[in-house]
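# A look at the structure
The chain contents come next:
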Amino acid sequence: MQAVMDQLREIVMKNPLSEKVLISLSFSAGRQLLERATRQGLTILNLKTETMRNLAEQVCQKSLLNSGRSIIPDILAIEFTIQVLERLRQAGRLTYFNSLEITPSVGSIITHSIIDLKMTGIDVNDITTEMFVDSCKCEDIKIIWAEYDKELQIRKYIDQADLLQLAAREVNPSHCIYIVPSNLKMHPLERNFLEALTKNNFQVINFSRPKGIITLQTSLENEISPLSIELSEPYSSLLYLNDLTNAPVTELPIQMFHAYGESNEIRQVLRKLKLEKIPFDQTVIFYTVQDPYNHLLFDLAQGIDQLPLTFGQGIDICATNPGRLYFGLLSWAERGFKVSDIVPLIRDGVFKIPGEKSPPKSTITHYLRTTGIGWGKERYLETIDNEIINIKNQIKADVAFEDDNDSYKARFENFLWLKKFFTQLFTSLPDLDSEGRIPYAQLAAWLNTLVDQFSSVVSQADHEAKNVICRNLKLIEDSVAIHLKRDDIFARLKFLIKGIRVSVSSPKPGHLHIDHYNSGLWISRQNVFIVGLDANRFPGTMREDPILLDIEREKIGHGLPLLGNRPKEKVHDLVQFLSSVQGTLTVSYSAFDTLENRAVFPSSILLQMYRLKAHDETLDYSDLIETLGTRKGFTPSDIDESLDDQEWWLSVLSMGNKKPDLDTFKTLYPALLDGLNAESNRQQIEELTPFDGKVNFDPSIVDPTVSKDLVMSCSQLEMLGKCPFAYFLRYVLKIQPIEELVFDQGVWLNAKTKGDLYHGIFERFYKKLANQGEPLNAARHAQFLYEIADELMSQKKVSVPPPSELVYDYERKSILDSCRIFLKSEEIESCDDVPKYFELTFGMHPGGTKNNENFEAVTIELPNDKRFLLRGKIDRVDESANGLKIWDYKTGSTFGYSDKEYFKGGRQLQHGLYALAIERLFSEKELHTNPKVILSGYIFPTRKGEGKRVVRLQVRRDSLYEILNRLFTLLSEGTFVMTDDENDCHYCDYRDACNRHSRSKKGLDKMMIDIFRGLRNYA
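Since the model is a prediction, treat every value here as computed from it, not as a measurement. (Residues numbered from 1 in each chain as written. Predicted model: local features only at pLDDT ≥ 70, side-chain atom pairs only at ≥ 80, totals over all residues. Heavy atoms only, no water.)

Turning next to the overall build of the protein. The number of helices and strands found in the protein is 35 helices and 26 strands. Here the protein has a C-alpha radius of gyration of 38 Å; the compact-globule value for 1019 residues is 31 Å, and the former is much larger. On the principal axes, the C-alpha backbone points of the protein span a range of 120 × 75 × 55 Å. Counting over 1019 residues, the protein shows a buried share of 50%. Of all intrachain contacts in the protein linking residues separated by at least 6 positions in sequence, the fraction that spans at least 24 positions is 74%. If you sum the accessible surface of the protein, you get close to 48,900 Å²; carbon and sulfur atoms cover 49% of it. Taking the average place of the 122 positive charges on the side chains of the protein and the average place of its 140 negative ones, the gap between the two points comes to 2 Å. (Helix = DSSP H or I, 4+ residues; strand = E, 2+ residues; numbered from the N terminus. Rg over C-alpha atoms; globule rule 2.2 N^0.38 Å. Buried < 20%, exposed > 50% of the residue type's maximum accessible area, 1.4 Å probe, protein only. Contact = heavy atoms within 4.5 Å. Areas by Shrake-Rupley, 256 points an atom, 1.4 Å probe, with all protein chains shown as cover. Lys, Arg positive; Asp, Glu negative; His and termini not counted. Charge placed at Lys NZ, Arg CZ, Asp CG, Glu CD.)

Set out below in structure tokens:
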């Protein structure tokens, strides 16, 4: 690299005051080269950096202004190509590409192929059928090319190729001294413009060339003599990586390592910086591929304090708040406006909530998830309006809630805000046209408005991302007046922003710089790391252009680049850069694919480095891998390397007997101390502790036999019998899972909603039969039941729209089949009984009763003179000659219900409790002369249950009392241990919270106290 600096010095010294222009790949690359020269003491006057494109724009500025033309943005060029393809196919003018699916990716590939052709300087008429593998392909490309150019002319745009041709025609040769790097890749049109600009009189800075690699055809290196290799530079011998036989024997101070996955590869680089106290602004990390390395480093920077980074290629726009909002809104709209898609945007602060008087984010997301909106644009405002009406009625009429009027008013104000908010969101959203298509420009305008108004901008990257997204959407809004099918429009809008990078930066003081190795020649820092040198990533596989094959490109000629040469070009560029490094050089690769769960081999160039360093051409991959030793993993080799708390703890836990004293850390982390104490108590103390489920508090808080304010339900007592710890979480700590209406494209009604529907159908059916005084007859009443089912299904369809008519028809058939099964079962099993009471509730509505089937909570008296209040809802009570029968509809299968498990170890109590409640209630209310319940059971009326019945004859009343006494003892003593059977955990809402599977056998056995173990004896 010193030779390059010497050449630049010579040019500057010969022309100290003349105007000089350094033409480079980018402004950043040129500035970095000049900064390096300045640090070496070179005084540079009157020298600026330019790119070929910028020079061409300067030349054509006046001409473009006078003609009203402008340079087309890439996204519009692709849009125009897609429109051309669709227009040509509809007109039947395409043959070879006629059956090609026109997607944004296809449009992009064809656009770039046309630009490649135009950048050679040839005309559409210069390509002939002999140049292509198929003559129809040639004709199609000529038609597409011609129509593309015509579209540009009509819209008054020019592309990059047109710009360079115009610049070459209109340029007035300058007296400036133009300096061009020998490795600058140029298309033929760029070379023509350079020659016109300089009269073919420009200065070339010659870079050292790798040995044994073909020189690139698109650079100036073929036209000048090779630069002699200065072996005094530390890594100049790397120029012989592809010519090891002739390589000089020199010391090569390269450091190498391999890691377990890309994340650990990056972390190992940062660990080295920390351990060796290497300054950030003297370090640069280069990668061979942008992702995942760029993304991993960005994520690490968010999680590690004081990690200032600059990104030479920027960060993915998806990592910014506006980017996340844009793609989140797209997903929300594309997937039918599901609540589950917008909630994360609001919750995570990506969606900026407007106004100072807006509800908290947690309140907004809670209402959205619990009010039953589910999905569908129309359902938002409909559901919110219904909630507003309900709250109004409750505020006005419900005396029972008088003390809570303020909370209802606050809820009312919140829902008014939600209505205003979603009205604003949906105001400009376009509707489908008569053919079911969406106006592209209007949808882009809707997204533009939302991103502009609701983006959370907290950084410069966010600000830049917002501007880029809004600018691109504005281009579509102003230039594309078409209607598209649903799938097509969302694919186009995703492609519009996908892959855009923001926050592109040159190296800055105090910052660790991240960049692609292509920029390495221009960036001068003492400590260089290159990651991603595995066989899969470098140099990569040879890929063809699917539109212009290399065999066709070769026949066309005129400097058209061959994609088959790309791997060789990559090796050339990397070797040229490696040889220029001045300080320390560390190279690495990920030796394990954590997603595919397989080993990964190093790149061939890494093996060549190893051979060159060892001066032995016979070494192979096994020697290299053995030399690299243990892969760097999740645990640092030295505790002082730890980057964050997680790595520090991994280091501590891996030390065995050498663990440091944790007393200081226990003080700093009180929650950690609590956790250690809890684990110690579980393992070392024989008796139950608070960490095993033993809670000391006033029994009146949880025991309904002590407190008259506590009202129990069957489901509560059954949960207590199954798992006291789950009961504690649900009913003592009041932790409840959110009941969210979730969209499933193959399901209309969830289990609970469908169960409610079945209950409603059967209740209405029997009530109407009772009013008509008719006994049940399956043949005569089948159609009657189906009509009721259809009526209720139609009502439910309004409140819960099915994902499609196909799904609705399928579930409707299933429900009608279940009705048929129910009728057949009823005719056989209940022919001598009279269904009398339906959906009979007690204790469910505080403040009184509304009809004769809605009563206050029932007092259940126990033989030990204790009593408690019970509430519930009984599906049906039948009268028979021998007494009353209680039935509960179960819409699932009979799994878990067995004739041999009357109480199922305290898990099934409903049949006994409802029998006690009915006998007490009917006696007190004088509803029946002989309120004796002879059986209580379960009907399974659906296809899953096949109409079966599980009957519990009421002959084990004493056992029920004993079970209840045990349950209330658990409550009064504050004992909330975990279940003894892991099968109870399969469908538990608290499985993740209790983490039972991680408990030791000793700890679980300790929980099995006699009072709880005894429950399992009641089968």
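Once the domains are mapped, the protein shows domain 1 (1-65 + 167-207), domain 2 (74-154), domain 3 (254-317 + 505-545 + 556-616), domain 4 (318-502) and domain 5 (715-724 + 737-991). Between domain 3 and domain 4, the C-alpha centre-to-centre distance is 40 Å. Overall, the association of domain 3 and domain 4 removes approximately 900 Å² of surface from exposure, summing both partners, and the carbon and sulfur fraction of that is 54%. It is Ile315, Asp316 and Ile317 in domain 3 that bury the most area against domain 4; as a group they hold 76% of the surface buried on that side. Two residues, Asp291 and Arg501, come together in a salt bridge whose shortest N-O distance is 3.8 Å. Counting the contacts that link domain 3 with domain 4 gives 8 residue pairs in polar contact (both at pLDDT 80 or more). For the side of domain 3 that touches domain 4, the secondary structure elements donating two or more residues are α10 (293-303) and β10 (315-316). For the side of domain 3 that touches domain 4, the residue count by class is 3 nonpolar, 4 polar and 2 charged. (Domains from an automatic or database assignment. Buried area = accessible area lost by both parts, 1.4 Å probe. Salt bridge = Lys/Arg side-chain N within 4 Å of Asp/Glu carboxyl O. Polar contact = N/O pair within 3.5 Å; in protein donor to acceptor, adjacent residues only side chain to side chain. Nonpolar A, V, L, I, M, F, W, Y, C, P; charged D, E, K, R; others polar.)

As a further point, take the nonpolar core. Membership of the largest hydrophobic core comes to 144 residues, with the highest contact counts inside it found for Tyr326, Trp332, Phe351, Leu368, Tyr380, Phe422 and Leu493. With residues up to four places along the chain from it excluded, the contact list for Leu368 reads Val339, Ile342, Val343, Ile346, Ile373, Tyr380 and Phe422. In terms of nonpolar packing, the next biggest core, distinct from the first, is built from 57 residues, Leu252, Phe286, Tyr517 and Leu612 among them. (Core = buried A, V, L, I, M, F, W, Y, C linked by side-chain atoms within 4.5 Å.)

Turning next to empty space enclosed by the protein. Under the criterion given, the structure shown has 4 cavities of 30 Å³ or more. Space inside the second largest cavity adds up to approximately 70 Å³. Elements with a contribution of two residues or more to the lining of the second largest cavity: α27 (724-732) and α33 (991-994). (1 Å grid on protein atoms, 1.4 Å probe; cavity = no way out; pocket = protein on both sides within 12 Å on 5 of 7 lines; lining within 4 Å. Points joined across faces, edges and corners; volume = space filled by probe spheres on them.)

The next subject is the sheet that holds strand β14 (residues 512-516). The strand order across the open sheet built from 6 strands is β7-β16-β15-β8-β14-β9, with neighbouring strands paired in parallel fashion. With partners counted over all chains shown, the strands left at the sheet margins are β7 (254-259) and β9 (309-311), one partner each. When the angles between neighbouring strand axes are averaged without regard to direction, this sheet yields 20°. Here 4 bridges tie strand β8 (residues 283-287) to β14, and the two strands are oriented parallel to one another. Bridge pairing in β14 links Ile285 to Ile514. (Pairing = 2+ DSSP bridges. Axes fitted to C-alpha atoms, helices over the stretch in contact; angles between N-to-C directions.)

In this fold, Cys819 is placed in helix α30 (residues 805-829). Judged by its relative accessible area of 0%, Cys819 is buried. A C-alpha to C-alpha distance of 77 Å links Cys819 and Phe577, two positions 242 residues apart in sequence.

Below, the discussion takes up the packing of aromatic side chains. Overall, the coordinates contain 43 aromatic pairs when judged by the stated rule. Note on Tyr897 and Phe940: the rings are 5.4 Å apart at their centroids and 65° apart in plane angle, and the pair reads as edge-to-face. Of this pair, Tyr897 sits in the loop between β24 (883-889) and α31 (910-925) while Phe940 sits in the loop between β25 (933-939) and β26 (949-953); the two residues are 43 residues apart in sequence, bridging distant segments of the chain. Put simply, the rings of Trp332, Phe337, Phe351, Tyr380, Trp417, Phe421, Phe422, Phe426, Trp446 and Phe454 pair up and form one aromatic cluster. The cationic tip of Arg949 hangs over the ring face of Trp887; the distance from NZ or CZ to the ring centre is 5.0 Å. (Phe/Tyr/Trp six-rings, centres within 6.5 Å; stacked < 30°, edge-to-face > 60°. Lys NZ or Arg CZ within 6 Å of the ring centre and 35° of its normal.)

With parallel pairing, the 4 strands of this open sheet are ordered in space as β2-β1-β5-β6. Two strands lie at the open edges of the sheet, namely β2 (47-50) and β6 (203-205), each paired on one side alone. Going across the sheet, the axis of each strand differs from the next one's by a mean of 25°, ignoring polarity. Sheet topology note: the strand β5 (residues 177-181)/β6 ladder contains 3 bridges and is parallel.

On to the packing of helix α3 (residues 52-67) against helix α7 (residues 160-170), then. Closest axis-to-axis distance for the α3/α7 pair is 9 Å, and the angle between their directions is 75°. Between α3 and α7, the angle is such that the two are roughly perpendicular. Across the interface between the two elements, Arg53, Ala56, Glu57, Val59, Cys60, Ser63 and Leu64 of α3 pack against Gln160, Leu163, Leu164, Leu166, Ala167 and Glu170 of α7. Of the residues assigned to the contact of α3 with α7, the class counts are 8 nonpolar, 2 polar and 3 charged. (Parallel < 35°, antiparallel > 145°, perpendicular 65-115°, else oblique.)

So, on to the side chain of Asp878. With respect to the helices and strands, the residue Asp878 is situated in strand β23 (residues 867-880). Of the polar contacts made by the side chain of Asp878, one reaches the side chain of Arg876; its length is 2.9 Å. Polar side-chain contacts of Asp878 include one of 3.4 Å to the side chain of Trp887. In contact with Asp878, not counting residues within four places along its chain, are Ser830, Asp833, Val834, Pro835, Lys836, Gly883, Leu884, Lys885 and Trp887.

Below, the discussion takes up the pairing of strand β15 (residues 527-531). Most of β15 is tucked away, with 5 of its 5 residues classed as buried. Burial along β15 is two-sided: the face carrying Asn527, Phe529 and Val531 and the face carrying Val528 and Ile530 are both buried. Inspection of the sheet shows β8 paired to β15 by 5 bridges, in the parallel sense. Residue pairing for β15: Val284 is matched across the bridge by Val528. Here β15 pairs with strand β16 (residues 584-590) via 4 bridges, running parallel. Considered in β16, the bridge of Val528 is made with Leu585.

A few words on α10. Within α10, burial applies to Tyr293, Asn294, Leu297, Phe298, Leu300 and Ala301. Angularly, the buried residues of α10 cover 160° about the axis, an arc narrow enough to put them on a single face. Turned more than 90 degrees from where α10 packs its buried face, Gln302 and Gly303 sit exposed. (Arc of directions from axis to C-beta.)

Before going further, it helps to spend a moment on the state of the cysteines. Using the criterion set out here, one finds 0 disulfides in the structure. The thiol sulfur of Cys318 is not disulfide-bonded, and the nearest other cysteine sulfur, from Cys470, lies at 15 Å. With no disulfide of its own, Cys994 has Cys985 as its nearest cysteine by sulfur position, at a separation of 5.3 Å. Overall, the relative accessible area of 13% leaves Cys994 in the buried class. (Disulfide = S-S within 2.5 Å.)

Within the structure shown, the criterion is met by 65 salt bridges. Linking Arg191 and Glu195 is a salt bridge whose minimum nitrogen-to-oxygen distance equals 3.0 Å. Separated by 4 residues within a single helix, Arg191 and Glu195 lie in helix α8 (residues 188-198), roughly one turn from each other. The exposure class assigned to Arg191 is buried, which follows from its relative accessible area of 17%. Through salt bridges with shared partners, a single network forms among Lys118, Asp149, Asp159 and Asp162.

To continue, consider the pairing of β8. Among the 5 residues that make up β8, 5 are buried, leaving the element largely enclosed by the rest of the structure. Side chains Thr283, Ile285 and Tyr287 of β8 all project onto a buried face; the interleaved residues Val284 and Phe286 project onto the opposite face, where all are buried too.

A few words now on unusual backbone geometry. A cis amide bond, omega 20°, links Asp291 with the succeeding residue Pro292. Tracing the sequence through the fold places Pro292 in the loop between β8 and α10. Across the junction of Phe538 and Pro539, the peptide omega takes the value 0°, indicating a cis bond. A positive phi angle, close to 70°, is found at Asp865, a residue other than glycine. With respect to the element layout, Asp865 can be found in the loop between β22 (858-861) and β23. Among the residues examined, Asp865 registers a relative accessible area of 69% and is labelled exposed. The phi dihedral of Lys904 is positive, around 50°, even though this residue is not glycine. Looking at the element boundaries, Lys904 is found in the loop between β24 and α31.

The next thing to look at is the environment of Asn882. Position of Asn882 relative to the elements: it lies in the loop between β23 and β24. For Asn882, a relative accessible area of 61% corresponds to the exposed category. As for Asn882 and Arg335, which are separated by 547 residues in sequence, their C-alpha atoms are 57 Å apart.

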